[in-house]
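Spelled out from the first residue to the last, the chains are:
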Amino acid sequence: MAEIFVLGAGVVGMTTAYALAQKGHSITVIDAGSAPAEGGASFGNGAQLSYCYTDALASPSLVKNLPGYVLGLDPAFRFRPTVSPDFWSWIAKFLANATKARFEANTIEVLKLAMESREALSSIRNRLDFDHRTAGKLTLYSSIQTMRDAEALSRLKNLHGAGQVMLSPAEACEREPALARYGHGFAGALWSPIDETGDSYRFCLGLRDLLENQYGVTFKFGTTVRALTKRSGKLAAIQTDQGEWACRIAVLSLGIWSRSVAATAGIRLPVWPMQGYSMTIPATKYAPVVSITDSARKIVFCRIGDRLRIAGLADIGPGIGEFSSQRFNTLMETAKGIFPEAGDYAADPKAWTGFRPMTPDSQPIVSRSKVDGLFLNCGHGSLGWTLSMGTAARLAEIVDVHA
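Residues numbered from 1 in each chain as written. Predicted model: local features only at pLDDT ≥ 70, side-chain atom pairs only at ≥ 80, totals over all residues. Heavy atoms only, no water.

### A closer look at the pairing of strand β20 (residues 374–378)
Definition in use: Summary of the burial criterion: residues with accessible area below 20% of their type's maximum are buried, those above 50% are exposed, and those between are partly exposed, where the area comes from a 1.4 Å probe applied to protein chains only. Each helix is a run of H or I in the DSSP string that is no shorter than four residues. Each strand is a run of E no shorter than two, and both are numbered from the N terminus. At least two bridges found by DSSP between two strands is the condition for calling them paired.
Here β20 lies mainly inside the structure; five of its five residues are buried. Where strand β19 (residues 365–368) meets β20, four bridges bridge the pair, whose relative direction is antiparallel. Note on β20: the bridge partner recorded for Ser 367 is Leu 376. Here β19 folds back onto β20 in antiparallel fashion, the turn holding five residues, of which Gly 373 has a positive phi close to 100°.

Below, the structure is given as structure tokens:
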């Protein structure tokens, strides 16, 4: 079998290594962190395995609200254009995917992949301890119109196994009693019974032990991938801050940094960063048991053991990357307004910020590249945790055919 380098040890890279190792390949994983999922999106994401909430970002409703996002009128979503040609190329493709037909098609394609991922995770979840639960999810809608739009889309999703059900406020409160202390009114909720939860960071740590002990996978941590070397159209080496490795086959799974590394091999990836924030606080007896997504305020609440993960906000444009106390405070104050008693907000919030690697159509890039020997598994947006096992399985099949 082949010797393969997996570039990136977030949840996408780790599951890719697992899928390839299962097929008998010799795997080396390279990552800049000192451990898997260190600090990146796999560390502080919303913890929801949102198999049914696969709605593409590019949509008619987003375009309708775009002027307000640019003007900063929505605290949850900040959209600021840049002068970068790559940004405007991404925006042009993004807007082309914002029609109703493209939005629905992209949503369903990701849903199909999510269902594959759910099935793949079921085969390994009992081998790892990562606070996994099949909790189900309630998505709350603040108006009759947004509720009707969601119901129409759910009918399409249900053709592909989503099993979603629209609930009245009273029915939602019966499903999740914590909603009695919800700080706002809502018109209805969409119940997704098969959605799950889990700590992707702990998943990655457990998967590392499994890969090392049972599959002989080698990890090179503290190693930053800087560039790829190709010769005669074929992958030849990986350039890192620790030296060069000769390499015939590699998988690029570096999240948002996949774009800059791919560029060194002449590959332009349509991936743009969207910054988000999260906090993790002790859960109280009033914390919701099922996952909650507040669609109007774009914040999720997810119980992980005795902790409550709260995640949200979406910033696209210049100035992203640094932790913004102002933006984190927006998340904190919004969360308090939604569920004021669900967690101990006075505790250390374990504040985190990171990037979601967005593609224009919200579909991850799972393919061979134009460089022989280089494969791509990146661009998962806000669904990296949800889609990771599915894209890893798909990528492993592609590698077997073409490596």
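### Concerning the pattern of salt bridges
Heads up, the condition is: Throughout this description, the term salt bridge denotes a Lys or Arg side-chain nitrogen within 4 Å of a carboxyl oxygen of Asp or Glu.
Taken as a whole, this structure holds 21 salt bridges when the rule is applied. With its nearest N and O atoms 2.5 Å apart, the salt bridge here joins Asp 55 to Lys 157. Of this pair, Asp 55 sits in the loop between β3 (48–49) and α3 (60–70) while Lys 157 sits in helix α6 (residues 144–158), and the two are 102 residues apart along the sequence. What makes Asp 55 partly exposed here is its relative accessible area of 27%. Among the residues examined, Lys 157 registers a relative accessible area of 2% and is labelled buried. One salt bridge connects Asp 131 with Arg 202, and the closest N-O pair in it is separated by 2.7 Å. You can see Asp 131 sitting in the loop between α5 (100–122) and β5 (137–141) and its partner Arg 202 sitting in helix α8 (residues 200–215), a full 71 residues away along the chain. Looking at Arg 202, the relative accessible area reads 28%, which means it is partly exposed. What you see here is one network of salt bridges that share partners, running through Asp 129, Asp 131, Asp 199, Arg 202 and Arg 307.

### Details of the sheet that holds strand β11 (residues 234–240)
Strand pairing in a sheet takes place through backbone hydrogen bonds and is either antiparallel or parallel in direction. The condition that has to hold: Only the stretch in contact is used when a helix axis is fitted, and all axes are lines through C-alpha atoms; the angle between N-to-C directions ranges over 0 to 180 degrees.
Strand order in the open sheet formed by three strands is β10-β11-β12, with antiparallel pairing between adjacent strands. Of all strands in the sheet, those bounded by a partner on one side alone are β10 (225–231) and β12 (243–246). Each strand axis lies, on average, 25° off the axis of its neighbour in the sheet, ignoring direction. Where β11 lies against β12, four bridges are found, and the strand directions are antiparallel.

### A closer look at the sheet that holds strand β13 (residues 250–252)
Quick note on the threshold: Whether two residues touch is decided by their heavy atoms; if any such pair falls within 4.5 Å, the residues are in contact.
Spatially, six strands are ordered β9-β2-β1-β13-β20-β19 in an open sheet, and the strand pairing comes out mixed. Both edges of this open sheet fall to β9 (218–220) and β19, since each of them pairs with a single strand only. Adjacent strand axes in the sheet meet at a mean angle of 20°, parallel and antiparallel pairs treated alike. Judged from the five bridges that link them, strand β1 (residues 3–7) and strand β2 (residues 26–30) form a sheet pairing that is parallel. By the bridge assignment, Ile 4 is partnered in β2 with Ile 27. Seen against the sheet, helix α1 (residues 11–22) touches β1, β2, β9, β13 and β20 and runs at an angle of roughly 165° to β1.

Remember that the coordinates give geometry; whether it matters functionally is a separate question.
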